[in-house]
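Here is what each chain is made of, one letter per residue.
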Amino acid sequence: GAGTDNVDKTAASASGIYVCNVPGRNAVAVAELTMGLLLAIDRHIADGVSELRDGSWNKGGYSKADGLLGKTFAIIGLGEIGLAVAKLAKAFGMTVTTVRKDDRSPEIRQRIRSIGIHLVDDLDTLLENADVVSLHVPKAPNTDAMVDKEFLAKLNNGAVLLNTARGGLI
């Protein structure tokens, strides 16, 4: 997977297990999970299954969904996982946005253009215009607890926050 911060490397080493970072290898799986979670939220899948198991089915309530088509999907972290998520979000007819960064490689800039990702100037603009925000950054000193009261206050009412990265980002 991407990152090794969720592995007890000392215990692994003591057991003769080699631990390494293999970024990008799980990008498609995480992207699929991200979109699956978003669909489950929009379509109330978990609530519907829970009530069905309890013997009731509120078809009218659970058939109401906002849908994904035309929504704005903001990605924070545009590595291999973020790019894979962007492709899937575009396939659902969503507008995909991320913050412009001048230090991106020419290859990444080309991939951004080919996917059709819209660039915005800053995080505030990204958050204020998003219907969905998806986190795809490693846990690091500059991302630790990045989602706080101020971050959440910038989101539109009803916006969805997805974190398939690390719990410590919240």
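Above this note sits the structure.
First, a word on what this report is: a plain description of the structure on this page. (Residues numbered from 1 in each chain as written. Predicted model: local features only at pLDDT ≥ 70, side-chain atom pairs only at ≥ 80, totals over all residues. Heavy atoms only, no water.)

### Notes on the overall build of the protein chain
Of the regular secondary structure elements, the protein chain holds eight helices and five strands. For the protein chain, the spread of C-alpha atoms along the principal axes amounts to about 55 × 45 × 30 Å. The burial tally for the protein chain puts 34% of its 170 residues in the buried class. At a minimum sequence separation of 6, the contacts of the protein chain that also span at least 24 residues come to 62%. In the structure as shown, the protein chain presents an accessible area of about 10,100 Å², 52% of it carried by carbon and sulfur atoms. Averaging the locations of the 19 positively and 20 negatively charged side chains of the protein chain gives two centres separated by 5 Å. (Helix = DSSP H or I, 4+ residues; strand = E, 2+ residues; numbered from the N terminus. Buried < 20%, exposed > 50% of the residue type's maximum accessible area, 1.4 Å probe, protein only. Contact = heavy atoms within 4.5 Å. Areas by Shrake-Rupley, 256 points an atom, 1.4 Å probe, with all protein chains shown as cover. Lys, Arg positive; Asp, Glu negative; His and termini not counted. Charge placed at Lys NZ, Arg CZ, Asp CG, Glu CD.)

### Quick word on the sheet that holds strand 3 (residues 118-120)
Sheet architecture is open: five strands sit in the order 3-2-1-4-5, paired in parallel fashion. Every other strand in the sheet has two partners, leaving strand 3 and strand 5 (160-163) as the edge strands with one partner each. Neighbour to neighbour, the strand axes of the sheet diverge by 25° on average, direction disregarded. Here helix 2 (residues 27-42) sits on the sheet in contact with strand 1 (72-76), strand 4 (132-135) and strand 5, set at roughly 150° to strand 5. (Pairing = 2+ DSSP bridges. Axes fitted to C-alpha atoms, helices over the stretch in contact; angles between N-to-C directions.)

### A look at the packing of helix 5 (residues 80-91) against helix 6 (residues 106-115)
Contact pair helix 5 / helix 6: the axes reach a minimum separation of 10 Å and the direction vectors enclose 15°. Considering the angle they form, helix 5 stands roughly parallel to helix 6. For the pair helix 5 and helix 6, the sense of crossing is left-handed. Residues E80, L83, A86, K87 and K90 of helix 5 form the contact with helix 6, whose own contacting residues are I108, R111, I112 and I115. (Parallel < 35°, antiparallel > 145°, perpendicular 65-115°, else oblique. Left-handed = near helix turned anticlockwise from the far one by under 90°.)

### Points about helix 5
The first and last C-alpha atoms of helix 5 sit 17 Å apart over 12 residues, in line with the 16 Å expected at 1.5 Å per residue. Buried positions along helix 5 lie against helix 2, strand 1, strand 2 (95-99) and helix 6. (Expected span 1.5 Å × (residues − 1).)

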